[in-house]
Amino acid sequence: MKWITRIRTRNQNQVSLFYTLLISFISIIVLLLSIHAWSYSFFRNRIKDEIILNSAMNLNTTVANYEKHIRLIRSYMVGYLFGTDTEILKNGNPLSHYDTVVKAQYELQHSLNNSLLYLENIIYYYKDSGFVIEKDGTRDAATMFGKFYVQPAYGVNFWNQELEGTDSFKIYPSAPFTSETAFERKSLGTLMPILVKGSFEHNFAFIVLMKSRALYESFHQPQPESQFMIWDGRQLVFTSESGIELPPGLMAKKGDGYERIGGAYYFYKTSAETGLTYIESVSDKGLAKQLRHLNAIMAVLLFLSLLISLAVSTFIAKRFHNPLASLLRSIENYGVGLPLLGKSRIKEFNVLHNDLHSKNSLLQQFAYMTRLKNIHGKGAQLLTSVDANRPFKLILFQIDFKAQLLAEFANVHHRAFNTYRELIDLHFAKLHSESLTFQIEKDQILSILFIEKEDEDRHAADFDALVHTLATDSVFCNFTIVPSPIHAHSSDFVEAYQNALELIRQRKLGEGVQVITEWEPQPALMIPTPSEEGELVANLQAGSDSVTLPLVDRLLDQLAKAGALAWQFQDFAQDVVNKTIKMMYAQNISIQAFSDKGSPYDHLKACYTLEQYKDFFHWFLKRSGEAIQDKKSETDVMTKFVMEYVESNFGEDLSLDAISAKLGITGPYLSTYFKEKTGTNFSDYIFTVRMNKAMDMLRDTDLKIQEIASLIGYYTAASFNRVFKKHTGITPSEFRRLNSRH
């Protein structure tokens, strides 16, 4: 009878505890949801008014931003209009003040570099002479508005007519502009012209081209299904979308307010300063859509709140109920004593007990890693097996996956790495009961073995078997293995690991498995020499793969003969690739020439032998040379004249003014044009041609250095020596001694 009473009491307690807690939670949930639903229904009717108010406030913010920017542009242009340079250029022929024209152009470029002004260009416009000054130079008005800023509504006749008016600051409707030159036809986007002039000045004015689309995107936050317009009282100055028309009922509206016309709300606000009326139309569908969206969100939130609350309530109730029920069962099975870990019928106790072993292993790994990486903290206080001063040795594995493996199997890197770690762990666990193997870096695995010195020879064959097993996968991976000697003291632990890291870098060229046991002095390399570096740079820039390919092959052979390590080959190869790509960028050449085979740097990572490096450079340098030569073949007539003239007259006056005079253009225009077409500065090109001629003469003739300096345009040997050494890294005498063919 006592046993039955105990069981009945237990069952009653279980049912009572669980359902009492659950019903209590559900009652609270229903009450909270009811309050929440009532609150939402109470405030829902006011949401529409709030949306309308928010739209009006949004328009007010937009108007403030636009008006502030227009005031800024007006103030900015007034400074230009009454500036000293403008007064000089307005009086008389501006071409007679060339220095002032150049200064004005530079000031325009400086102003237009300010992205916060949202300006495309500022144009000095002279009506009578048809002369304009803009950011890219000077030209006649017909060319300016007929080729570079083409818009039928804003031609030369239009601006000549507008200059007859008395408005000193006038904003015109935005329109799409295009550039239609002999080289290309491209869109300049939507621009808003502004005329700035003296009220009684009819010959000179500033024409400001403002980026109206960028201004709109920065100053206005659009509402769902809305449109934005600016009305000047006669016409629309700007619309956010093409084809928008203003309802007739709004054309005479002024002030601040909104109207509902058709199926949309029109919010408007007129600026007292500029007279512009800013209008935003919000579709009634947009407001209704926002309300429906809000209703849907609230319904989903209520439903999710109910589900989550029920789930959490059930979970918490069980968390309260189950421990008590388990405790009662344990007392019945084991008497009044507490259950023993690992022997209790309570599942949680057994799971905790069984998990202790794996957690202990993780703690050991963490303790070793904090020791090796010198991490200070609570983890550093954990004791490890090394602290007992037991003999130990380290074996460090570095795994480099080849491109073939990554190409054949998707997401294989992580899985393959874990497979190798488990393989190494199982191998050593069979031989050493207290061995520990874990990942120490993204590509490195560390094994810690506790063995006696007399047992080292006995396990050497087992280590060779592991190496042989890993070698079977050499087609997919390269393995670098560093076994340390046996250490007897825990104080040697960090030093042993650091020595292993140093030995990992001793890997030489080659594939497969390399076992490194001793440190070898690294060769001190001076490859390439300064003269070879200068020759390489010059021919890379010229795209002469017929010279660079044999030179790079020779340098690779020198590295191999000097016993260079694998990382030294990688550093050399990356340096050559970096130089080549920099030169291609400097000449405005796209590196798409390599896109069909992927990144050159990815190809470099897949080079493990001397032959693979040579094959890579034969592909890479040939492609880069072809790209550079193709770029040179695209040179236009003006650039071709400059290059041919410099090649034929490298010893004469090659100043920018001298050559531009022969072409009948200005020096700054020639400098900008040459840089745009070749990717090289004008002065750098002349300097390179002269230095190449000097190197040819030093290599092929017996002329004195003073004579060579004079032939290439230098008056003294000292100045020639200085610039030649800056270009090649060595003096002319040293270059002749190293490269003379006589």
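Just so it is clear, the structure is predicted and the values come from calculations on it, not from any experiment.

J.: Is there a simple way to think about the overall build of the protein in this case?
T.: Scanning the protein from terminus to terminus reveals 25 helices and 17 strands. Restricting the contact set of the protein to residue pairs at least 6 apart, pairs at least 24 apart contribute 63%.

J.: What is the right way to read unusual backbone geometry from this model?
T.: For residues other than glycine, phi is negative in most cases, and the peptide bonds are mostly trans. Non-glycine residue Tyr 118 carries a positive phi angle of around 55 degrees. Mapped onto the fold, Tyr 118 is located in the loop between helix H4 (98-112) and strand S1 (119-126). Its identity is not glycine, yet Glu 225 carries a phi of approximately 55 degrees, on the positive side. For Glu 225, a relative accessible area of 42% puts it in the partly exposed group.

J.: Got a minute to help me understand a nonpolar patch on the surface in this structure?
T.: Among the surface-exposed residues, Val 300, Phe 303, Leu 304, Leu 307, Ile 308 and Val 312 lie close enough to one another that they form a single nonpolar patch of about 530 Å² accessible area. Relative to the helices and strands, Leu 307 resides in helix H8 (residues 284-334). What makes Leu 307 partly exposed here is its relative accessible area of 41%.

J.: Please clarify how the sheet that holds strand S9 (residues 236-239) should be interpreted in this entry.
T.: Where strands meet in a sheet, backbone hydrogen bonds hold them as pairs that are either parallel or antiparallel. An order of S9-S8-S12-S11-S10 is seen for the five strands of this open sheet, with the pairing classed as antiparallel. Of all the strands in the sheet, the pair left with one neighbour each is S9 and strand S10 (256-261). In this sheet, adjacent strand axes meet at a mean angle of 20 degrees when their direction is disregarded. Across seven bridges, strand S11 (residues 264-270) lies against strand S12 (residues 277-283) in antiparallel orientation.

J.: Is there a simple way to think about the packing of helix H14 (residues 530-542) against helix H16 (residues 566-586) in this case?
T.: Packed helices, taken two at a time, are described by the angle between their axes plus the distance between the axes. Closest axis-to-axis distance for the H14/H16 pair is 9 Å, and the angle between their directions is 40 degrees. When the axis of H14 is compared with that of H16, the two are oblique. Crossing of H14 over H16 shows right-handed handedness. Contact residues: H14 offers Glu 533, Leu 536, Val 537, Leu 540 and Gln 541, while H16 offers Val 576, Lys 579, Thr 580 and Met 583.

J.: Just to check I follow, could you spell out the pairing of strand S2 (residues 131-134) for this structure?
T.: The two faces of a sheet get side chains in turn, since along a regular strand they alternate between them. Alternating positions in S2 separate into two faces, Phe 131 and Ile 133 on one and Val 132 and Glu 134 on the other, with burial throughout. Pairing between S1 and S2: three bridges, direction antiparallel. If you follow Tyr 124 over to S2, its bridge partner there is Ile 133. Hairpin remark: S1 followed by S2, antiparallel, with four residues in the connecting loop; positive phi at Gly 130, about 65 degrees. Bridging between S2 and strand S3 (residues 137-140) involves four bridges; their strand directions are antiparallel. Opposite Val 132, over in S3, you have Arg 139 as the bridge partner. What sits between the antiparallel neighbours S2 and S3 is a turn of two residues.

J.: What exactly am I supposed to notice about the pattern of salt bridges here?
T.: Opposite charge on two side chains makes pairing possible when the charged atoms of those side chains draw close. Per the counting criterion, the structure on display carries 18 salt bridges. The partner of Arg 185 in a salt bridge is Glu 180, with the nearest N and O atoms 3.1 Å apart. By relative accessible area, Arg 185 is classed as exposed at 61%. Residue Arg 699 pairs with Asp 696 through a salt bridge whose shortest N-O separation is 3.1 Å.

J.: Where do I start with the layout of surface pockets in this structure?
T.: Unoccupied space between atoms shows up once a probe the size of one water molecule is rolled over them. Reported here for the largest pocket is a volume of approximately 1200 Å³. Lining the largest pocket we find 36 residues, and of these Asp 136, Arg 139, Phe 148, Tyr 669 and Glu 676 sit closest to its centre. Counting residues per element, the ones that place at least two in the lining of the largest pocket are H4, S2, S3, helix H5 (141-148), strand S6 (185-196) and helix H21 (667-678). Residues that form the lining of the largest pocket fall into these classes: 16 nonpolar, 10 polar and 10 charged. The computed volume of the second largest pocket comes to approximately 1000 Å³. In this structure, the second largest pocket is lined by 30 residues; those nearest its centre are Gln 398, Asp 400, Asp 443, Lys 605 and Tyr 608. Counting residues per element, the lining of the second largest pocket draws most heavily on H16, at five residues. Residues that form the lining of the second largest pocket fall into these classes: 13 nonpolar, seven polar and 10 charged.

J.: Before we go on, may I ask you to explain the packing of aromatic side chains in this structure?
T.: To describe a pair of aromatic rings, you give the distance between the ring centres and the angle between the ring planes. If you walk through the whole model with that rule in mind, you get 39 aromatic pairs. Centre to centre, the rings of Tyr 66 and Phe 228 are 5.8 Å apart; their planes meet at 25 degrees, and the pair counts as stacked. Taken together, the positions of Tyr 66 in helix H2 (residues 47-81) and Phe 228 in strand S8 (residues 226-231) put the pair 162 residues apart, joining distant regions of the chain. Of the residues examined, Phe 228 reaches a relative accessible area of 0% and is grouped as buried. Both rings, one in Phe 204 and one in Phe 206, keep their centres 5.2 Å apart while their planes meet at 80 degrees; by these two values the pair is edge-to-face.

J.: What am I meant to see in H4 here?
T.: Structurally, the α-helix is built with 3.6 residues per turn, so residues lying three or four positions apart point the same way. The terminal C-alpha atoms of H4, which comprises 15 residues, lie 21 Å apart, in line with the 21 Å expected from a rise of 1.5 Å per residue. Among the residues making up H4, those that are buried are Thr 100, Val 101, Val 102, Ala 104, Gln 105, Leu 108, Ser 111 and Leu 112.

J.: Just to check I follow, could you spell out the environment of Arg 554 for this structure?
T.: Inspection of the secondary structure assignment puts Arg 554 in helix H15 (residues 545-561). Taking the relative accessible area as the measure of exposure, Arg 554 reaches 38% and is therefore partly exposed. The spacing of Arg 554 and Pro 528 is 26 residues in sequence and 9.8 Å in space, taken between C-alpha atoms.

Definitions and limits used
Residues numbered from 1 in each chain as written. Predicted model: local features only at pLDDT ≥ 70, side-chain atom pairs only at ≥ 80, totals over all residues. Heavy atoms only, no water. Helix = DSSP H or I, 4+ residues; strand = E, 2+ residues; numbered from the N terminus. Contact = heavy atoms within 4.5 Å. Buried < 20%, exposed > 50% of the residue type's maximum accessible area, 1.4 Å probe, protein only. Patch = residues over 30% accessible without salt bridge, like charges linked within 9 Å, V, L, I, M, F, W, Y side chains within 5 Å. Areas by Shrake-Rupley, 256 points an atom, 1.4 Å probe, with all protein chains shown as cover. Salt bridge = Lys/Arg side-chain N within 4 Å of Asp/Glu carboxyl O. Pairing = 2+ DSSP bridges. Axes fitted to C-alpha atoms, helices over the stretch in contact; angles between N-to-C directions. Parallel < 35°, antiparallel > 145°, perpendicular 65-115°, else oblique. Left-handed = near helix turned anticlockwise from the far one by under 90°. 1 Å grid on protein atoms, 1.4 Å probe; cavity = no way out; pocket = protein on both sides within 12 Å on 5 of 7 lines; lining within 4 Å. Points joined across faces, edges and corners; volume = space filled by probe spheres on them. Nonpolar A, V, L, I, M, F, W, Y, C, P; charged D, E, K, R; others polar. Phe/Tyr/Trp six-rings, centres within 6.5 Å; stacked < 30°, edge-to-face > 60°. Expected span 1.5 Å × (residues − 1).

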